Amino acid sequence: MVKFVIKRVLYIILVLFLVSFFVFMLFRTMPGDPVDIFLPPEVAAGMEPHEVAIMRETIIRDMALDQPHFIQYLFWLAAMFRGEFGTSMETRLPVIDHVRSPITNTLVINIFNMVIIFAITIPVGVYCAIKRGKAFDNISLVVSMIGLSIPGFLFGLILIVFLVVIPPWDIFPMFGMASLMPPPEGTMAWYLDRLRHMALPLLAMVFMGLAGMIRFIRSAMIDALNMDCIRTARAKGLGEKTVVYVHAFRNALIPIITIMAGFFITLFSGALAIEITFQWQGMGVIMINALNLRDIAVQMTMLVFYAMIAFVVILILDIVYVLIDPRIRFD
């Protein structure tokens, strides 16, 4: 196992270098002058010609734009190892400070989303597989199809209409992350205010996630219940609960954990449609703004970060596979 982990870590480091090099070259070879991103023409228009020349020379020197692309990549890589990820063009803050709050907002709502989704879908999906073709199974499949058919932003608007606009009570805010005059930060009232604002976008995300997950877990359990080892367990006289929840569920865990790993990887990316609908300041909105503004520092940093998270999760997933199923070997 130790040899396998070391080998995979070395592969991850190598692939991360390749990904970072590809991402860097992609942005460096895009049309346009990189200096214009840091010194837009509308800003340069209000400066004296000699000031513009000095500013351009400073930017070129600091970013090593007068060097070959490979040398520029080495400078950028060295800066990343020092914890310097550049400056955001949107806020003029270091990238770490620029993305800290959006990543926190995205993580909070997505962790709640993932916990609620799997707390509901695992028992419901298992029960649907057991009661295949019965009324409960058919109803859940219909609800799943409805959830898969409705876009996220449309379901968010439906929630706003039926839980905010029409009802006479004022429980859920329409959008935003906090009240106009929020309670003191860190108090119980402040946390309750944040939870109120999180309720509708979280409800929309949970409903959209439930639809596909119930069908996926149901299919995994049906496949597990049809395995020869399950028929053998029943033939030996084991109780139905032992057969389903011990033997069958364990065989269905591998695809379930695989989809859970996919959920975890997306924790940091945000849900763009939901964030825009409810004005939730998460990573989805930040990445779209970075693309629109050609905020290269933010884009490159987050792409490399997402790749690193994906590789680490895949490594953990391979280790968990062996722990769940002894038939799988590291070699």
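Going along each chain's sequence as written, the residues are numbered from 1 onward. Given that this is a predicted model, residues contribute local features only at a pLDDT of at least 70 and side-chain atom pairs are listed and counted only at 80 or more, while totals for whole chains, interfaces and linings are drawn from all residues. Computation of side-chain values covers all heavy atoms of the structure but excludes hydrogens and water.

Surface patches are defined over residues having more than 30% relative accessible area and no salt bridge, joining like charges when they lie within 9 Å and nonpolar side chains (Val, Leu, Ile, Met, Phe, Trp, Tyr) when within 5 Å. In short, Shrake-Rupley with a 1.4 Å probe defines the accessible areas, and a residue's cover is counted only from the protein chains shown. Just to be clear on terms, a salt bridge is a Lys or Arg side-chain nitrogen sitting within 4 Å of an Asp or Glu carboxyl oxygen. On the surface, F153, L154, L157, I158, V161, F162, V165, I166, M174 and F175 cluster together to form a nonpolar patch covering roughly 890 Å² of accessible area. The way it works is that DSSP assigns letters per residue, a run of H or I at least four long becomes a helix, a run of E at least two long becomes a strand, and they are numbered from the N terminus. Mapped onto the secondary structure, F175 falls in the loop between α8 (152–165) and α9 (188–225). Relative accessible area serves as the criterion here: at 42%, F175 is assigned to the partly exposed category. Exposure is judged per residue with a 1.4 Å probe applied to protein chains only, and the accessible area is read against the type maximum: over 50% gives exposed, under 20% gives buried, and values in between give partly exposed.

Here we take up the environment of R8. Looking at where R8 falls in the secondary structure, it is placed in helix α1 (residues 2–28). For the pair R8 and D318, spaced 310 residues apart in sequence, the C-alpha separation works out to 10.0 Å. Residues count as neighbours in contact if any of their non-hydrogen atoms are within 4.5 Å of one another. Beyond its immediate chain neighbours, meaning those up to four positions away, R8 contacts I314, L315 and D318.

Below, the discussion takes up the packing of aromatic side chains. When we look at a pair of aromatic rings, we describe it by the centre distance and by the angle of the planes. For this analysis, a ring pair means two rings from Phe, Tyr or Trp (six-membered ring only for Trp) whose centres lie within 6.5 Å, classed as stacked if their planes differ by under 30 degrees, edge-to-face if by over 60, and tilted for the remaining angles. Under the counting rule described, the total for this entry stands at eleven aromatic pairs. Between the aromatic rings of Y73 and W76, the centroid separation amounts to 6.0 Å while the plane-to-plane angle is 45°, which identifies the pairing as tilted. Residue Y73 and its partner W76 are located together in helix α5 (residues 69–81), separated by three residues, close to a single helical turn.

Tracing the backbone through its elements, the reader meets H197 in helix α9. On the accessibility criterion, H197 (6% relative accessible area) is buried. Each polar contact in these results corresponds to two N or O atoms within 3.5 Å; when the atoms are within protein, one needs to be able to donate a hydrogen and the other to accept it, and residues that are neighboring in sequence are counted only if both atoms are side-chain atoms. One polar contact links the side chain of H197 to the main-chain carbonyl oxygen of D193, over a distance of 2.9 Å. Apart from the residues within four sequence positions on either side, H197 is in contact with P173, F175, G176, M177, A178, S179 and W280.

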